[in-house]
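# Fold and contact review
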Amino acid sequence: MIKVLVVDDDYLVLNGFIALMPWSKHGFEVVGVARNGVEALRILEEREVHLLITDLMMPNMSGIELMKRAKASYPDLHMVVLTFHHEFDFAQEAIRIGALDFITKVELEQDKMDEVLERIGLRIRERQGGAGNPLSAYGSRQRYIRSDCTWALASLYPDDDGSWIDRIPPRTGATMYK
């Protein structure tokens, strides 16, 4: 189970979000809630948490500051932003810090909740190199392909005999970089 800490200063949003999301269906378990960043950091010290879901605008400490401090102390912690803000600057800063996802509260309709948790779970597994990530068993041997001004990342997979082959052959005239 992916252990989750949810942080939001709005009591109704916090409790509604927790109550309505199909956590266990997607392999998540809420192990803590906090009303601000200071409280969240205390919980992170006390409990094992894999995923931090945080609001951005909170008293005492912003969500961005919480994410920076949490990432510095817990580098393997996954983070998701839950906010009303649609501004690109907030999303850009959150992603720069390491956020997996940026969810606006207005998109949390009943019919989208499964989609949101499924997407987050997939991104966590991809970052961990877990099930569903074909590179997990073989390491991260990669080759970059450039053709004209377009770049693509072609991962290498071992063939049945153990040799490495390109599953995506480069187009004629493409230049390959290791």
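Residues numbered from 1 in each chain as written. Predicted model: local features only at pLDDT ≥ 70, side-chain atom pairs only at ≥ 80, totals over all residues. Heavy atoms only, no water.

Taken as a whole and judged by the stated rule, the model has eight salt bridges. Its salt-bridge partner being D101, residue R119 comes within 2.6 Å of it at the nearest N-O pair. With R119 in helix 5 (residues 113–128) and D101 in strand 5 (residues 99–104), the pair connects residues that are 18 residues apart, well separated along the chain. Residue R123 is joined to D101 by a salt bridge in which the shortest nitrogen-to-oxygen separation is 2.8 Å. Pair noted here: R123 is in helix 5 and D101 is in strand 5, with a separation of 22 residues, a long-range link. A relative accessible area of 30% means that R123 is categorised as partly exposed. Relative accessible area serves as the criterion here: at 7%, D101 is assigned to the buried category. Taken together, the shared-partner salt bridges in this structure form one network comprising K68, E93 and R96. (Salt bridge = Lys/Arg side-chain N within 4 Å of Asp/Glu carboxyl O. Helix = DSSP H or I, 4+ residues; strand = E, 2+ residues; numbered from the N terminus. Buried < 20%, exposed > 50% of the residue type's maximum accessible area, 1.4 Å probe, protein only.)

Let's shift gears to the packing of helix 2 (residues 37–46) against helix 3 (residues 63–73). Where helix 2 meets helix 3, the axes come as close as 10 Å, and the angle between the chain directions of the two elements is 20°. Looking at the two axes, helix 2 sits roughly parallel to helix 3. Taken as a pair, helix 2 and helix 3 cross one another with a handedness that is right-handed. Here G37, A40, L41 and L44 of helix 2 lie close against helix 3, whose contacting residues are L66, R69 and A70. (Axes fitted to C-alpha atoms, helices over the stretch in contact; angles between N-to-C directions. Parallel < 35°, antiparallel > 145°, perpendicular 65-115°, else oblique. Left-handed = near helix turned anticlockwise from the far one by under 90°. Contact = heavy atoms within 4.5 Å.)

Turning to the confidence of the model for the chain, a few remarks are in order. Averaged over every residue, the pLDDT of the chain is 75; residues scoring 70 or more account for 67%. Note on residues 131–178: pLDDT under 50 across the span, and 64 contacts to partners over four residues away in sequence or across chains. (pLDDT = per-residue confidence, 0-100.)

If you trace the five strands from one edge of the open sheet to the other, you get 2-1-3-4-5, paired in parallel fashion. This sheet does not close on itself; its edge strands, each paired only once, are strand 2 (28–34) and strand 5. Direction aside, the axes of adjacent strands within the sheet are offset by 20° on average. The pairing of strand 3 (residues 51–54) with strand 4 (residues 78–83) spans four bridges and is parallel. Residue pairing for strand 4: I53 is matched across the bridge by V80. (Pairing = 2+ DSSP bridges.)

For N60, which is not glycine, the phi torsion reads 75° and is therefore positive. For N60, the location among the structural elements is in the loop between strand 3 and helix 3. With a relative accessible area of 65%, N60 lands in the exposed category.

Counting residues in hydrophobic clusters, the biggest one holds 24 residues, and the most contacted among them are L5, V7, L52 and L66. Only strand 1 (2–7), helix 2, helix 3, strand 4, helix 4 (88–97) and strand 5 provide two or more residues apiece to this core. Not counting chain neighbours up to four residues away, the residues in contact with L66 comprise V7, G37, A40, L41, L52, T54, M58 and M61. Among the nonpolar cores identified, the runner-up in size contains 20 residues, and F17, L82, M113 and L117 belong to it. (Core = buried A, V, L, I, M, F, W, Y, C linked by side-chain atoms within 4.5 Å.)

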